[in-house]
Every structure is written in structure tokens, then in C-alpha cells.
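Per-entry structural report
Below, each chain spelled out in residue letters.
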Amino acid sequence: TGTNGCVGNSFTVTVTVKSEPTGGAGTTNSCSDVALSYNLQTQNVNVLGNSQASNFSWVAADNPNVTGESTTPQAGGIINNTITNISGVDQNVFYTVTPTGTNGCVGNNFTVTATIRSEPRGWNAAINTCSDVALNYNLQTQNIDVLGNSQAANFSWVAANNSNVSGESTTPQSGNVINDNLNNVSGVDQTVVYTVTPTGTNGCVGDQFTVTVTVKSEPV
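The following paragraphs examine the structure supplied in this document. For every chain, the first residue of the written sequence is number 1, and numbering continues from 1 along that sequence. Only residues with pLDDT of at least 70 are given local features in this predicted model, and only at 80 or more are side-chain atom pairs given and counted; all residues enter the totals for whole chains, interfaces and linings. As a rule here, side-chain values cover all heavy atoms of the structure and leave hydrogens and water aside.

**With respect to the overall build of the chain**
Our working rule: Going along the chain from the N terminus, every DSSP run of H or I of four or more residues is numbered as a helix, and every run of E of two or more is numbered as a strand. Computation of the radius of gyration draws on C-alpha atoms alone. For the globule rule, the value is 2.2 Å times the number of residues to the power 0.38. Buried residues are those whose accessible area, probed at 1.4 Å on protein chains only, stays under 20% of the maximum for their type, while exposed residues exceed 50% and partly exposed ones sit between those limits. Each accessible area value is a Shrake-Rupley result obtained with a 1.4 Å probe; residue values ignore everything except the protein chains displayed when judging cover.
Counting secondary structure elements, the chain contains 2 helices and 14 strands. Against the 2.2 N^0.38 benchmark of 17 Å for 220 residues, the chain shows a C-alpha radius of gyration of 30 Å, more extended than a compact globule. By the burial criterion, 37% of the 220 residues in the chain qualify as buried. Carbon and sulfur atoms provide 49% of the accessible area of the chain, an area that totals close to 11500 Å².

Laid out in C-alpha cells, this is it:
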């Protein structure tokens, strides 16, 4: 309608409203020290959302019981953090994700909760024994419960060869107890070093540690 009161012909205005990407909250889990490799497009948008091609930014809330989570914003479709959890129990890391469609439209934030299972932690230890006395050294009670994080674990262990000693297991063994009977008739103390790999009963592998055994000589 003109300012003179005259009505003109109708016309149309067409508004094209571009879609925003939608993603639902998701969950994932991993062992400590294993990269997440979580794909936001295939999991949160294609599966939980509207299958719209998107780019992403994501950031983790700090969890003081773990290390390795990205607490500054990252860009990319894969949450690829490698998170270390030696707390002895599962820990959750919460990611806030912002999707942006390839058409430039920003979608609502959503969350991804990553549960990080703990790895067993044991420290290096040193012990003494006499020649011809079975070690009976319990890795769970000594290296994990006393020195580590008290997480239930299974163990594999192997000794480095010492040519002055016999009885050490130089092929990998399984079990919580190092039960070698070491024989030393060299006339001086000898050292046998065991390398131990702990695996939690939750399936997560911990860092290797060593048990150094000083074997006192027997008279001959």
C-alpha cells in the first residue's frame, strides 16, 4: 500500500532456511592409554541426529583423575585423545561438541561421555634371596597393592638371562607369583631382573615394571 493509499499488486518473498546439524548425546569407552578414535559424524549425527554433513569443534571438561583429555577446543570429526587413567577405578570424561553444517549453519551443542577404564599400575621393586630358595614373590600384593594403585590384575613375567645363575625363567610366564628357584654358586651376589606386564581384570594393560632379585651365593 503506497503512502498515497493506493494498493499495489501482491508479490512473494521466498526464504530458504538452511538446516542445522543435529546430534544426540553419545557414549563411548576405552582402556587407559588407548586412543578413543570416536567419529562424531557417524555416531552422533548419522546415527543419533539428522545425517547432515558437518564439521565439529569439541572440548573436554577437566577430570583431575586422568590425563590426556583436550581441555582446549579442538577441530575435527574424530575425538582422538589418548587418556591415561591409573586411579584404580573407571573415570568419565565429558566432551562438549559443537556441530557446524557444511552449509555454514551451527547446530546445538551435544555431549559425548567417554568412560576410561583404569590400567593397573605397579612400581619397580628390589628383593633379596638365597640361592636355592624359591622366590614365591607375589606381584599383586607387593607391586600393585603396596606400590601401585591396588587394582586387581593378572601378570606375565620374564627374566633376563644371567649366565652366572640357573633357574630363572627366560621365556614368558603367566601368574601372580614369581616362583623361580634361583641357583647361584658363583661365590658372589648375582642379580636377576624380571620384566613384568600387568593386565587388569577389566582387560586393560598397564605399563611394564621390573623386579630386581639379588641372589646371594651358596658355598660350594
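The rest of the description comes next.
**Remarks on the packing of aromatic side chains**
For clarity, the threshold we go by: Classification of ring pairs uses Phe, Tyr and Trp, with its six-membered ring standing for Trp, and accepts pairs whose centres are within 6.5 Å; under 30 degrees between planes counts as stacked, over 60 as edge-to-face, and the remaining range as tilted.
Scanning the entire structure with this criterion turns up 2 aromatic pairs. Relative to Y95, the ring of W58 has its centre 5.8 Å away and its plane inclined at 70°; by these criteria the two rings are edge-to-face. In this pair, W58 is assigned in strand β3 (residues 54-60) and Y95 in strand β6 (residues 91-101), connecting sequence segments 37 residues apart. Here W58 and Y95 have matching classes, each one buried. Relative to Y194, the ring of W157 lies with its centre 5.8 Å away and its plane at 70°, an arrangement referred to as edge-to-face. Of the two residues, W157 sits in strand β10 (residues 153-159) while Y194 sits in strand β13 (residues 190-200), which places them 37 residues apart along the sequence. With respect to class, W157 is no different from Y194; both count as buried.

**Things to note about the sheet that holds strand β11 (residues 173-174)**
The condition that has to hold: Strand pairing is assigned whenever DSSP identifies at least 2 bridges connecting the two strands.
Read from one edge of the open sheet, 5 strands run β8-β14-β13-β10-β11, paired in mixed fashion. One side of each edge strand has no neighbouring strand; the edge strands of this open sheet are β8 (125-130) and β11. The pairing of β10 with β13 spans 7 bridges and is classified as antiparallel. Paired with A153 across the strands is G200, a residue of β13.

**What about the nonpolar core?**
What counts here: In this description, a nonpolar core means a group of buried Ala, Val, Leu, Ile, Met, Phe, Trp, Tyr and Cys residues linked to one another through side-chain atoms lying within 4.5 Å.
Core analysis: the largest hydrophobic core is formed by 20 residues, its most contacted members being L139, I178, L182, Y194, V211 and V213. Elements represented by at least two residues in this core include exactly β8, α2 (139-144), β10, β13 and β14 (209-216). Counting 17 residues, the second largest nonpolar core, distinct from the first, contains Y38, V45, I79 and V93.

Keep in mind these values describe shape, not function.
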